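# Commentary on secondary and tertiary structure
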Amino acid sequence: MPNPITADCLSEIGSIQHGFSRARAGLRRHLQLARGTGSADARERVLENRRVAAHFWGTTVERLLTCHQIHSASAVIVEAGWAIGQHPKADGMVTKVPGLALGALAADCAPVLFADPVAKWLAA
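So, a few notes on the structure that sits alongside this text. These figures come from a predicted structure and were not determined experimentally.

### Description of the side chain of T59
- Turning to its location among the elements, T59 is positioned in the loop between α2 (43-56) and β1 (64-66).
- At a separation of 3.4 Å, a polar atom in the side chain of T59 contacts the main-chain carbonyl oxygen of G99.
- Beyond its immediate chain neighbours, meaning those up to four positions away, T59 contacts A54, G99 and A101.

### Examining the nonpolar core
- I16, L65, C67, V78, W82, A90, M93, L100, L102, L122 and A124 together form the largest nonpolar core, which totals eleven residues.
- Apart from residues lying up to four places away in sequence, L122 is in contact with I16, M93, V94, T95, L102, L113, F114 and A115.
- Grouped together as the second largest cluster of nonpolar side chains are five residues, A53, V61, L64 and A101 included.

### Concerning unusual backbone geometry
- One non-glycine residue, H71, lies in the positive phi region at around 55 degrees.
- Topologically, H71 is positioned in the loop between β1 and β2 (75-77).
- Residue H71 is classed as exposed on the basis of its relative accessible area, which comes to 61%.
- Of note in this structure, K120 is not a glycine but carries a positive phi near 65 degrees.
- Looking at the element boundaries, K120 is found in the loop between β5 (114-116) and β6 (121-123).

### Regarding the sheet that holds β5
- Read across the open sheet, the four strands follow the order β2-β3-β6-β5; overall the sheet is mixed. Strands at the two margins of the open sheet, each flanked by one partner only, are β2 and β5. Strand-to-strand twist of the sheet, defined as the mean angle between neighbouring strand axes without regard to direction, takes the value 10 degrees.
- In terms of strand pairing, strand β3 (residues 92-95) meets β6 through two bridges, oriented antiparallel. Bridge assignment links V94 to a residue of β6, and that residue is A123.

### Side note on α2
- For α2, which comprises 14 residues, the first-to-last C-alpha distance of 20 Å matches the rise-based estimate of 20 Å (1.5 Å per residue) to within 8%.
- Of the residues making up α2, those classed as buried are V46, L47, N49, R50, V52, A53 and A54.
- Buried residues along α2 sit against β1.
- Directly after α2, the chain includes G58, whose backbone phi takes a positive value near 75 degrees.

### Some thoughts on the environment of D116
- Positionally, D116 belongs in strand β5.
- Residues D116 and I16 lie 100 residues apart in sequence; the distance between their C-alpha atoms is 9.3 Å.
- A distance of 3.0 Å separates a polar side-chain atom of D116 from the backbone nitrogen of A119.

### What about the environment of A80?
- Examined against the element boundaries, A80 turns out to sit in the loop between β2 and β3.
- Between the alpha carbons of A80 and R63 there is a distance of 8.2 Å; along the sequence they are 17 residues apart.
- If sequence neighbours within four positions are ignored, A80 has contacts with L65 and L100.

Rules of the game
Throughout this document, residue positions are counted from 1 along each chain, in the order its sequence is written. Owing to the predicted nature of the model, reporting of local features is limited to residues with pLDDT of at least 70; listing and counting of side-chain atom pairs is limited to 80 or more, with chain, interface and lining totals taken over all residues. Working from all heavy atoms in the structure, the side-chain values ignore hydrogens and water. Helix and strand labels come from DSSP, where a helix needs a run of H or I of at least four residues and a strand needs a run of E of at least two; each type is numbered from the N terminus. Here a polar contact means two N or O atoms within 3.5 Å. Within protein one must be a hydrogen donor candidate and the other an acceptor candidate, and residues neighboring in sequence count only if both atoms are side-chain atoms. We call two residues in contact whenever any of their non-hydrogen atoms come within 4.5 Å of each other. Definition of nonpolar core: a set of buried residues of the types Ala, Val, Leu, Ile, Met, Phe, Trp, Tyr and Cys, connected through side-chain atoms within 4.5 Å. Here the term buried applies to any residue with accessible area under 20% of the maximum for its type, exposed to any over 50%, and partly exposed to those in between, with areas from a 1.4 Å probe on protein chains only. DSSP bridges decide pairing: two strands pair if at least two such bridges lie between them. Axis lines are fitted through C-alpha atoms, for helices just across the contact stretch, and the angle between N-to-C directions can take any value from 0 to 180 degrees. Given a helix with a known number of residues, its expected span is that number minus one, times 1.5 Å.

See below:
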C-alpha cells in the first residue's frame, strides 16, 4: 500500500497513524484494494487486500475493523475487534482502544477521520 494520502493536521499530532489509500494501490498492479467483505469482489482477493492493509499499518487483519456500511447516521463504539464478516451495520466507528485500526470504505461517499489526541479518541 505505497504512498497513502495523509492529512497534515493529523501528521503533526504524531500519536495517530493514519492514511487514505487509493483504489489501485495493491501490491500487485492487477488487484484493486477492495477490502469490503460484503462486496462482489472475490473473497480471496478481499482477504489478501485486508492482510496487505493490516500489515502496512502494523496491525493484524483481526484488528483492522470496518463496518457493513448502510448509508445511515448510525455509529458504534468499538471496544474490541470482531471476526471478518461479523462487522456491525453502521456508517461510523469510534474507539480509544490502542492498536485497533478503523477503516472507512468509500465508493460514492467521502471517508472522514476524526481524532482527539487529548482524549485519545479516533473515529472513522
